[in-house]
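Chain by chain, the residues:
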Amino acid sequence: MIPPLPAPVKTAFDAFSEPARDTLLKVRPLIFQTATQNPAVGPLTETLKWGEPAYLTEETRSGSTIRMAWKPAKPDHGALFFNCKTTLVDTMREIYPDTFTYQGARAVLFRLDQPLPNDALAHCIEMALTYHRNKR
């Protein structure tokens, strides 16, 4: 089940361009659905990090934070940001070299004018939500 959008997070989504907001609001349920498919993830905390929607595994500490963003410098792209001190983006780049555009070791970007690569996104989300658990 997808929880209601918390007011501060809704305000952050409302600050995105309309195409970015529409696309990122389609990624949000994918994050929650992916989390519920793996019992080790546990409940997600939906909050703001750096003023942007963020998803944390606070209760289980199984994963690394996922942050959604849209930046005016890349107006045609939405992004998922990950902790740059992890190997997540390097692993994603190896598995999906042509699916996303990458920003260093911290983000995967996807075009707003193309269909979302849902399967690849779900896999990237799962890798992030289980990162600490899988490192052990």
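Before any of the text, the structure's been laid out above.
All values reported here derive from a predicted model rather than from experimental measurement. (Residues numbered from 1 in each chain as written. Predicted model: local features only at pLDDT ≥ 70, side-chain atom pairs only at ≥ 80, totals over all residues. Heavy atoms only, no water.)

A. A look at the packing of helix 3 (residues 88–95) against helix 4 (residues 118–129). Where helix 3 meets helix 4, the axes come as close as 11 Å, and the angle between the chain directions of the two elements is 150°. One element, helix 3, and the other, helix 4, form an angle in the roughly antiparallel class. The element helix 3 and its partner helix 4 pack so that their crossing is right-handed. Contacts between helix 3 and helix 4 involve Leu88, Thr91, Met92 and Ile95 from the first element and His123, Cys124, Met127 and Ala128 from the second. Here the residues of the contact of helix 3 with helix 4 are counted per class, giving six nonpolar, two polar and no charged. (Axes fitted to C-alpha atoms, helices over the stretch in contact; angles between N-to-C directions. Helix = DSSP H or I, 4+ residues; strand = E, 2+ residues; numbered from the N terminus. Parallel < 35°, antiparallel > 145°, perpendicular 65-115°, else oblique. Left-handed = near helix turned anticlockwise from the far one by under 90°. Contact = heavy atoms within 4.5 Å. Nonpolar A, V, L, I, M, F, W, Y, C, P; charged D, E, K, R; others polar.)

B. Fine view of the nonpolar core. Counting residues in each nonpolar core, the largest one holds 37 residues, and the members touching the most others are Val27, Leu80, Phe82 and Phe100. In this structure, Ala69, Phe81, Ala107 and Leu109 belong to the second largest nonpolar core, which totals five residues. (Core = buried A, V, L, I, M, F, W, Y, C linked by side-chain atoms within 4.5 Å. Buried < 20%, exposed > 50% of the residue type's maximum accessible area, 1.4 Å probe, protein only.)

C. View of the sheet that holds strand 4 (residues 77–82). The strand order 1-2-3-4-6-5 describes an open sheet built from six strands, whose pairing is antiparallel. In this open sheet, the two strands that pair with only one neighbour each are strand 1 (45–49) and strand 5 (101–103). Neighbour-to-neighbour, the strand axes of this sheet turn through a mean angle of 25°, independent of strand direction. Bridging between strand 1 and strand 2 (residues 52–56) involves five bridges; their strand directions are antiparallel. Each residue of the ladder has a partner; that of glutamate 46, found in strand 2, is tyrosine 55. Its contacts with the sheet put helix 4 on strand 3 (66–69), strand 4 and strand 6 (107–111), and the angle it makes with strand 4 is roughly 20°. (Pairing = 2+ DSSP bridges.)

Just distances and angles here, no functional claims.
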